[in-house]
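Chain by chain, the residues:
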Amino acid sequence: MQIHSREYPKRARQGGDVRASVTGATLSFDARRRAAFAGVAAEEWRVWAEGVKTHLLTHLDRYLEDAEARLQANGAEVHWAGSQDDVHDILSGIIERRGARRAVKGKSMLSEELEVNELLEKRGVDVLETDLGEYILQLLEQPPSHIVGPAIHLSLDEIRRLYQETHGTELDATPDELAAVSRLILREAFLAADVGITGGNFLVAETGTVALIENEGNIRLTTSAPPVHVALVGIEKLLPRWDDLAVFLQLTARAATGQPVGNYVSMIHGPRTADDPDGPEEVHVVLVDNGRTDVLADPEAWEALRCVRCGACLNACPVYRQTGGHAYGAVYSGPIGSVLNPGLAGLHASMPLPFASSLCGACEEACPVRIPIPELLLSWRRRAVEAGMDSRAKAGLLKAWTAVATRPGLYRAAGAMLHALPEPVRRVPLPVVGGWREVRKDPEPSRASFRDLWREGIE
Amino acid sequence: MSESPAAPVRASLFVTCLGDHFYADAAASAVRLLRKLGVEVDFPEAQTCCGQPAFNAGRDAEARRMAAHTIEVFRESEYVVLPSGSCACMLRRFYAHLFHDDDLAGQAADLAGRTFELAEFLVRVLGVTKLGRGLEGRRIAYHHGCHALRELGIREEPLKLLDNAGAEVVPWEAAEECCGFGGLFSVSFPQVSAGMADRKLDTLAAAGEVDFLTSADCGCLLQLSSRMRKRGQDLAVRHLADVLWEAAGADS
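As the structure is a computational prediction, the values presented were derived from the model and not from experiment. (Residues numbered from 1 in each chain as written. Chains lettered and ligands numbered in written order. Predicted model: local features only at pLDDT ≥ 70, side-chain atom pairs only at ≥ 80, totals over all residues.)

On to unusual backbone geometry. Residue and element names in this part refer to chain A. Following M351, the chain continues into P352 via a peptide bond in cis, with omega recorded as 5 degrees. Turning to its location among the elements, P352 is positioned in the loop between α17 (347–350) and α18 (362–366). Phi is positive for L359, which is not a glycine, with a value near 60 degrees. Structurally, the position occupied by L359 is in the loop between α17 and α18. Look at R370: it is not a glycine, yet its phi comes out positive at around 50 degrees. Along the chain, the position of R370 falls in the loop between α18 and α19 (373–386). (Helix = DSSP H or I, 4+ residues; strand = E, 2+ residues; numbered from the N terminus.)

All right, on to the domain arrangement of chain A then. Often, the extent of an interface is quoted as the loss of accessible area on bringing the components together. In terms of domain boundaries, chain A breaks down into domain 1 (40–290) and domain 2 (393–456). Taken over C-alpha atoms, the centre of domain 1 of chain A sits 54 Å from the centre of domain 2 of chain A. (Domains from an automatic or database assignment.)

Turning our eyes to something else, we now look at the pairing of strand β7 (residues 228–234) of chain A. All names here are of chain A. Of all seven residues that make up β7, seven are buried, and the element is covered over most of its length. Neither face of β7 is exposed, since V228, V230, L232 and G234 on one face and H229, A231 and V233 on the opposite face are all buried. Bridging between strand β4 (residues 195–198) and β7 involves four bridges; their strand directions are parallel. For T198, the partnering residue across the bridge sits in β7 and is A231. Across seven bridges, the pairing between β7 and strand β10 (residues 282–288) is parallel. Bridge pairing in β10 places G234 opposite V288. (Buried ≥ 20, exposed ≤ 12 C-beta atoms within 10 Å, placed from the backbone. Pairing = 2+ DSSP bridges.)

Each side of the interface is counted separately: chain A has 52 residues, and chain B has 53 residues. Residue composition of the side of chain A that touches chain B, by class: 28 nonpolar, 12 polar and 12 charged. (Contact = placed C-beta atoms within 7 Å. Nonpolar A, V, L, I, M, F, W, Y, C, P; charged D, E, K, R; others polar.)

Let us look at the packing of helix α9 (residues 156–167) of chain A against helix α10 (residues 175–192) of chain A. Residue and element names in this part refer to chain A. Here α9 crosses α10 at 40 degrees, and the two axes come no closer than 11 Å. By the angle class used here, α9 and α10 are oblique. Between α9 and α10 the crossing geometry is left-handed. Packed against α9, whose contacting residues are L156, I159, Y163 and H167, the element α10 presents P175, L178 and V181 at the interface. Its residues assigned to classes, the contact of α9 with α10 shows six nonpolar, one polar and no charged. (Axes fitted to C-alpha atoms, helices over the stretch in contact; angles between N-to-C directions. Parallel < 35°, antiparallel > 145°, perpendicular 65-115°, else oblique. Left-handed = near helix turned anticlockwise from the far one by under 90°.)

With that settled, consider the confidence of the model for chain B. Across chain B, the average pLDDT comes to 95, with 96% of residues at 70 or higher. Model confidence for the complex is summarised by a pTM of 0.96, with the ipTM given as 0.95. (pLDDT = per-residue confidence, 0-100.)

On to the sheet that holds strand β3 (residues 79–82) of chain B, then. All names here are of chain B. One open sheet accounts for four strands, arranged β2-β1-β3-β4; its pairing is parallel. With partners counted over all chains shown, the strands left at the sheet margins are β2 (39–42) and β4 (115–117), one partner each. Sheet twist, expressed as the mean angle between neighbouring strand axes with direction ignored, is 35 degrees. By the bridge criterion, three bridges tie β3 to β4 in an arrangement that is parallel. Its bridge partner being in β4, L82 is matched across the sheet by E117. Contacting β3 and β4, helix α5 (residues 85–98) runs over the sheet at an angle of about 160 degrees to β4.

Structure representation (structure tokens):
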């Protein structure tokens with residue numbers, strides 16, 4: 001996974017272009033999530049879901065073996081991939097053996113993480129994204145900007161202009177008309193595809209079931225029309241029992257889009273049997289680590305692996321709302337990205353993302369599996385400081401502040417100066433916090449400090 | 001003041017650095033209000049900063065030094081009351097993180113149990129929900145600071161105090177959203193921070209006329225008022241302590 005987070009501060013400055021689209025979309029997602037959880041015992045669901053995922057992660061070896069055995073018994077082929085290179089080798093092997101030339105894909109963040117499209121193109125395979133948002137982004141050659149709504153940074157007019165250029169539709173085409181044009185292209189692609197590639201929302205260890213949530217029906221077709229289906233599943237996506245799935249499907253749909261359950265839920269157990277009228281001849285499940293066991297072994301980072309990729313933290317995040325996902329320069333954006341990326345791709349590559357948060361806590365409140373995101377952000381900040389990755393100016397400022405704040409006499413004198421000095425002189429130490437003045441007026445100190453008022457006597 | 005407790009309560013004011021220098025008059029109002037409610041207020045003069053700026057920046061070594069100083073300063077206090085939800089949260093919730101494997105863990109927990117944000121102290125400790133009718137006819141917008149709201153669970157307390165004083169607390173779309181201050185976040189990512197403030201201020205403007213905006217957090221108030229002045233938006237911004245003193249019938 002490549003990360004380009006260094007440019008976050010620069011991109012964040014330019015974030016204004018997408019602010020309206022992103023704000024509108026995330027507020028709408030967020031309101032629907034709240035409404036959907038208002039109708040159930042939300043806290044009980046969250047505590048339960050946290051418990052299931054924590055149990056899963058602390059017994060992962062056992063459940064992975066169970067899942068493998070069940071999948072094999074169902075007739076699926078199981079592959080273990082430690083790294084992105086492993087995944088590429090596995091996919092190349094399948095493509096070569098099948099002589100595959102055309103692939104359709106369901107929306108999958110993991111496939112973005114693993115740069116699957118780049119591999120397929122290198123191998124001469126025509127790959128088509130079949131989620132409408134992803135399809136639009138493929139036309140624009142852009143990565144997704146949101147886990148669930150990959151194209152929410154685009155306005156309807158931008159999409160209309162794109163479709164006029166690429167499909168010859170009218171500039172005032174309705175969303176339904178744009179979808180209809182896309183559907184014709186996608187239908188052909190489903191029928192012609194040699195292989196369908198998806199992610200997996202869940203993998204039930206007890207039954208060997210890959211579960212996929214979607215709203216457009218494209219994943220149903222991707223997993224059933226082509227002769228080969230490959231599901232890429234992160235090892236943290238397991239669930240212990242079949243019964244767990246029933247709740248997690250509802251929990252995730254509510255958290256993601258406010259739906260009681262996705263329009264389509266596909267549950268893949270294996271290839272078609274002699275009794276099935278259709279379905280793929282081969283089903284491959286690729287269990288992907290790609291840094292996850294390192295995160296799992298990290299006592300201050302592992303909780304991020306409970307993530308079900310619902311995007312609720314992005315929708316609740318006032319920081320994300322300002323910039324959209326592209327500013328983060330990583331596949332996983334928003335609050336969850338800022339705690340996952342340092343674990344998966346390294347802290348150095350992910351700087352300054354752990355600092356790009358006001359720590360307001362809206363993400364933790366929205367998270368359906370109760371990931372303590374602010375706490376994890378703080379942990380990454382501490383490590384960045386220890387490794388000398390954070391700004392020197394900030395370090396100097398805080399060290400000086402600490403020296404003053406642990407010496408009451410000095411603190412009093414410094415405070416007195418703030419009120420005694422004329423305004424132009426007061427400004428002198430402020431270049432350190434020049435970012436304040438860039439967008440705001442200087443704060444106005446009180447006419448006297450409180451401690452002066454106290455000494456004078458408060459009546 | 002019929003609800004004043006019978007037994008004398010002693011509380012130390014932790015004015016906080018921003019309160020000391022930017023909201024001194026409001027802090028003085030807090031003292032007057034507490035005294036009027038029968039609380040014996042003292043002000044340990046060795047107090048400085050709670051250490052939150054360093055804690056949020058991942059600089060625990062520095063934060064620990066300021067926290068240890070603060071623990072020492074308020075060791076004898078019966079209660080510690082702050083005109084700041086965020087700093088109250090630092091003492092209540094985050095000192096435990098700083099000292100979890102340290103000799104000071106016990107003292108940190110002890111201080112946490114005695115620490116309250118002002119409105120919270122009035123309602124939860126003193127049991128006071130009616131201060132007077134000093135806000136009759138006022139239309140007030142209340143900004144919930146994130147730490148007070150999400151870490152300390154303070155939502156109804158300030159609203160009840162304002163409402164009972166005759167004010168109309170005007171509902172507002174982004175009332176519970178972050179203002180974008182976040183300490184050093186506000187200087188590291190100024191455009192994002194300002195954009196967050198703008199959303200607060202835009203939705204506030206859409207909520208109709210209000211007499212003023214108030215909050216229990218000095219950092220949020222500085223952020224919102226400084227951005228407001230930059231935008232040329234004209235709205236009074238007052239600290240909650242100041243408003244509650246008016247509620248109690250002060251002639252302001």
